[in-house]
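Structural overview for review
Now for the letters of each chain:
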Amino acid sequence: MDPLRAQQLAAELEVEMMADMYNRMTQACHRKCVPPHYKESELSKGECVCLDRCVAKYLEVHERMGKKLTELSLQDEELLKRMQQGSGTA
Amino acid sequence: MAAPPPSAPGEPAPPPPPPPLQYSLLLQHLVGDKRQPRVWDPATLGGIPCPPKSEEQKMVERVMESCPFKAALACVGGFVLGGAFGIFTAGIDTNVGFDPKDPYRTPTAKEVLKDMGQRGISYAKNFAIVGAMFSCTECVVESYRGKSDWKNSVISGCITGGAIGFRAGLKAGVIGCGGFAAFSAAVDYYLR
């Protein structure tokens, strides 16, 4: 595949991916760290600390899963290439 | 890939199917080595738009939410409160300037003031230390747990009471822990 075309496509997809990830991360971390008691409007220290940790973990998970998915798709492509070569020469 | 459907005679040939996506290359651009660092603005990603905080504001907020600052604040507050409490109790205490040879002698103003000052300072120091210890341990416990509920005050009350009482022996430490924990639980219940 053309690398320039891949870069353009990736740029378009990245915006959508980041927006989706931001929304999911906000929802998940809010559900986990901010209990629905709402006695005061300010975030307490414990909640701030929890949110920091939640975001850091979420981003790290996102990065690791992305790398794992890249590995898996590389393996898939190798397999596909070998199958095509095999069927081509056969 | 499926073969393109046979076109009816006379119609132009259907466009060739697009080349298959190479996912590994795309993923490398998205999350891998070829990803370009970008500036992300929460407003464009779907958050509520708000002006970004300046560095000074962030620094001030970080200092004001930090544990040492809270401990210092409690120390100063405890000092003031302890001083007031000490002076007040010195005022209602009738044991000042007692002379065994002359039990009915009224104490001089100098003696009374000196006693008030000493008592005030002594109470102020004690309250300041206790307040600083309690605030510091509560902040540390809350940072560790990541939650903000009543258990933080109880745990830090036990630690503070235990540390104070431990100087007089283990049993006094245990009693101090229980007493202070109950006291801070009651205050927390009242405040929440």
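Before reading on, note that the structure itself is shown above.
Notes on the structure in this doc start here. (Residues numbered from 1 in each chain as written. Chains lettered and ligands numbered in written order. Predicted model: local features only at pLDDT ≥ 70, side-chain atom pairs only at ≥ 80, totals over all residues. Heavy atoms only, no water.)

Considerations on the overall build of chain B
Where we set the bar: The helix count covers DSSP runs of H or I at least four residues long, the strand count covers runs of E at least two residues long, and both are numbered beginning at the N terminus. Each radius of gyration reported is based on C-alpha atoms, and the globular scaling rule is 2.2 Å times the count of residues to the power 0.38. For every residue, the accessible area obtained with a 1.4 Å probe (protein chains only) is divided by the maximum for its type, and the residue is called buried under 20%, exposed over 50%, and partly exposed between those limits.
From N to C terminus, chain B includes 7 helices and 0 strands. For chain B, the sequential pattern of α-helices and β-strands runs α-α-α-α-α-α-α. Against the compact-globule benchmark of 16 Å for 192 residues, chain B has a radius of gyration of 35 Å, which places it well outside the compact range. Projected onto its principal axes, the C-alpha coordinates of chain B cover approximately 135 × 40 × 30 Å. Evaluated residue by residue, chain B yields a buried proportion of 23% over its 192 residues.

Brief notes about the interface of chain B and chain A
Where we set the bar: In what follows, a contact means two residues having at least one pair of non-hydrogen atoms within 4.5 Å. Accessible-area loss on putting two parts together, using a 1.4 Å probe and summing over both, is the definition of buried area adopted here. What makes a salt bridge here is a side-chain nitrogen of Lys or Arg within 4 Å of a carboxyl oxygen of Asp or Glu, nothing more. By the criterion applied in these results, polar contacts are pairs of N or O atoms within 3.5 Å in which, for protein atoms, one can donate a hydrogen and the other can accept it, and in which residues neighboring in sequence qualify only through two side-chain atoms. In this classification, Asp, Glu, Lys and Arg are treated as charged, Ala, Val, Leu, Ile, Met, Phe, Trp, Tyr, Cys and Pro as nonpolar, and every other residue, Gly included, as polar.
With 33 residues of chain B in contact, the opposing surface of chain A contributes 32 residues. Summing both partners gives a buried area of about 2700 Å² for chain B against chain A, and 64% of it is carried by carbon and sulfur. Contact with chain A buries area across many residues of chain B, yet B:Leu30, B:Val31 and B:Leu45 alone supply 22% of it, more than any other trio. For the pair chain B and chain A, the interface holds 2 salt bridges. In this structure, A:Glu14 engages B:Arg38 in a salt bridge whose closest nitrogen and oxygen atoms are separated by 3.2 Å. Where chain B meets chain A, there are 9 residue pairs in polar contact (both at pLDDT 80 or more). Sorting the residues of the side of chain B that touches chain A by element identifies helix 1 (23–30), helix 2 (42–45), helix 4 (67–92) and helix 5 (109–145) of chain B as the ones contributing at least two each. Of the residues in the side of chain B that touches chain A, the class split is 14 nonpolar, 11 polar and 8 charged.

Focus: a nonpolar patch on the surface
Residues and elements named next belong to chain B. Note the following rule: Patch building starts from residues that exceed 30% relative accessible area and form no salt bridge, then joins like charges within 9 Å and nonpolar side chains (Val, Leu, Ile, Met, Phe, Trp, Tyr) within 5 Å. Here, Shrake-Rupley sampling with a 1.4 Å probe gives the accessible areas, and only protein chains in the shown set may cover a residue.
Together, Met-59, Val-60, Val-63, Met-64, Phe-69 and Leu-73 make up an exposed nonpolar region whose accessible area comes to about 570 Å². Among the elements of the structure, helix 3 (55–65) and helix 4 are those that each provide at least two residues to the nonpolar patch. Element by element, the count of residues in the nonpolar patch is highest for helix 3, at 4 residues. If you trace the backbone, Phe-69 turns up in helix 4.

Here we look at the state of the cysteines
Residue and element names in this part refer to chain A. For clarity, the cut-off: Any two cysteine sulfur atoms within 2.5 Å of one another count as a disulfide.
Tallied over the full model, the rule gives 4 disulfides over all chains. Sulfur-sulfur distance for the disulfide between Cys-29 and Cys-54 comes to 1.8 Å. Disulfide Cys-29-Cys-54: the torsion about the S-S bond is -85°, which places it as left-handed. You can see Cys-29 sitting in helix 1 (residues 3–33) and its partner Cys-54 sitting in helix 2 (residues 45–89), a full 25 residues away along the chain. Judged by relative accessible area, which is 3%, Cys-29 ranks as buried. The partner cysteine of Cys-33 in its disulfide is Cys-50, sulfur to sulfur 1.9 Å. Handedness here is read from the sign of the S-S torsion; for Cys-33 and Cys-50, about -70°, the answer is left-handed. Of this pair, Cys-33 sits in helix 1 while Cys-50 sits in helix 2; the two residues are 17 residues apart in sequence, bridging distant segments of the chain.

Focus: unusual backbone geometry
Residue and element names in this part refer to chain A. Of note in this structure, Tyr-38 is not a glycine but carries a positive phi near 55°. In this fold, Tyr-38 is placed in the loop between helix 1 and helix 2. Relative accessible area serves as the criterion here: at 57%, Tyr-38 is assigned to the exposed category.

Geometric values such as these leave the question of function open.
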